[in-house]
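Given next are the chains, with one letter for each unit.
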Amino acid sequence: MTLKHQYNITINKYDGTLDLVRDIALLIDRKYAKIFHSVVVHGSVATNEVIPYSDFDGLLIVRDEFVNSKQLQKFKIESMKLILKFDPLQHHGWFQIKESDLKSYPENYLPVSTLEHSKLIYPSKENLEYNLKFSEEIDYKSSLRAMLNQFEKRHQNNWKPSNTYELKSILSQIMLMPCLYYSAINNKGIFKRESFDAVKHHFTDQEWEPIVIASQLRKDWNNNFSKLQLVLLKIPHPLLRKIIKKFGAPKINLATQNMLNREFYSNLNMLIKKINTDIQ
């Protein structure tokens, strides 16, 4: 692959007050510093816009020799214990690349536009400059197509979220669609928050309605866990968590169920068809 583009970016030190970020930084500094080139947070944690819906988004840039190491796996388990205290419904792990990937940066995996709004938590310094190189030809469509295929299979199987874990996962996918769609049709990345206004005019009100509803549910999100659910949902063990998130997460409340009615899913199907047509 011939590398055509170079992009220099400076990421500043995390300046928020979230205990989770402080605890992860301390964990790295005390036990795992040697395995990382750097670690950054992005999303609402980085921009200091945390709300009850917020999950944790972080990128590990791992030194190549530690990519398959036991140390890295131990760090992920220990850090996930901290992350699940912050968001018991966390539906994804760390983003991860190798240090050598900075010389062939996977722009379609985590766009530079996202990095521009990220914050540095390791190493402990005021800022860090990244000299990224990436290919002239970037596939911005494959991730979006994979997501749309997943939605189409759900539609064919008449699948609906049965609890708040599944609901949060599908809402997050819906709200990611504008960002992935923008990248697919413009062949460049965009910061997620800016993508909504950038692409809304491509869609009818009906097609866009699922984005509106998902955004409203995000804004009004209220974690209503029982004491037992809180204990169970904070268990990081992968196999146990697979079972717990299926059967141990809170049920979806009636008001939300009413919003996720037949019209919502019909409009969502229209949105998916429209996007599929546009990215052909």
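Before reading on, note that the structure itself is shown above.
Computed from a predicted structure; not experimentally measured.

Criteria and thresholds
Residues numbered from 1 in each chain as written. Predicted model: local features only at pLDDT ≥ 70, side-chain atom pairs only at ≥ 80, totals over all residues. Heavy atoms only, no water. Salt bridge = Lys/Arg side-chain N within 4 Å of Asp/Glu carboxyl O. Buried < 20%, exposed > 50% of the residue type's maximum accessible area, 1.4 Å probe, protein only. Helix = DSSP H or I, 4+ residues; strand = E, 2+ residues; numbered from the N terminus. Core = buried A, V, L, I, M, F, W, Y, C linked by side-chain atoms within 4.5 Å. Contact = heavy atoms within 4.5 Å.

A. Layout of the pattern of salt bridges. What the rule picks out here adds up to nine salt bridges. Between arginine 22 and aspartate 23 there is a salt bridge, with its nearest N and O atoms 2.9 Å apart. On the basis of relative accessible area, arginine 22 is assigned to the partly exposed category, the value being 46%. Judged by relative accessible area, aspartate 23 falls into the partly exposed class, the value being 26%. Here arginine 193 makes a salt bridge to glutamate 49, at a shortest N to O gap of 2.7 Å. Of this pair, arginine 193 sits in helix H6 (residues 192-199) while glutamate 49 sits in the loop between strand E2 (36-42) and strand E3 (57-62), and the two are 144 residues apart along the sequence. The class for arginine 193 is partly exposed, based on a relative accessible area of 47%.

B. Expanded view of the nonpolar core. With 41 residues, the main nonpolar core has Leu144, Phe151, Leu171, Ile174, Met177, Leu268 and Ile275 as its most contacted residues. Secondary structure elements with two or more residues in this core: helix H4 (142-156), helix H5 (164-186), H6, helix H7 (205-219) and helix H11 (262-278). With twelve residues, H5 is the largest single contributor of residues to this core. With near-sequence residues (within four places) excluded, methionine 177 lies in contact with Met147, Leu148, Phe151, Leu268, Leu271, Ile272 and Ile275. With 26 residues, the next largest nonpolar core counts Tyr14, Leu20, Phe36 and Phe66 among its residues.

C. Just unusual backbone geometry, in detail. Residue tyrosine 122 is joined to proline 123 through a cis peptide bond whose omega torsion reads 0 degrees. By secondary structure assignment, the location of proline 123 is in the loop between strand E5 (119-122) and strand E6 (127-135). Despite not being glycine, asparagine 158 has its phi angle at roughly 55 degrees, a positive value. Relative to the helices and strands, asparagine 158 is located in the loop between H4 and H5. Residue class for asparagine 158 comes out exposed when judged on its relative accessible area of 57%.

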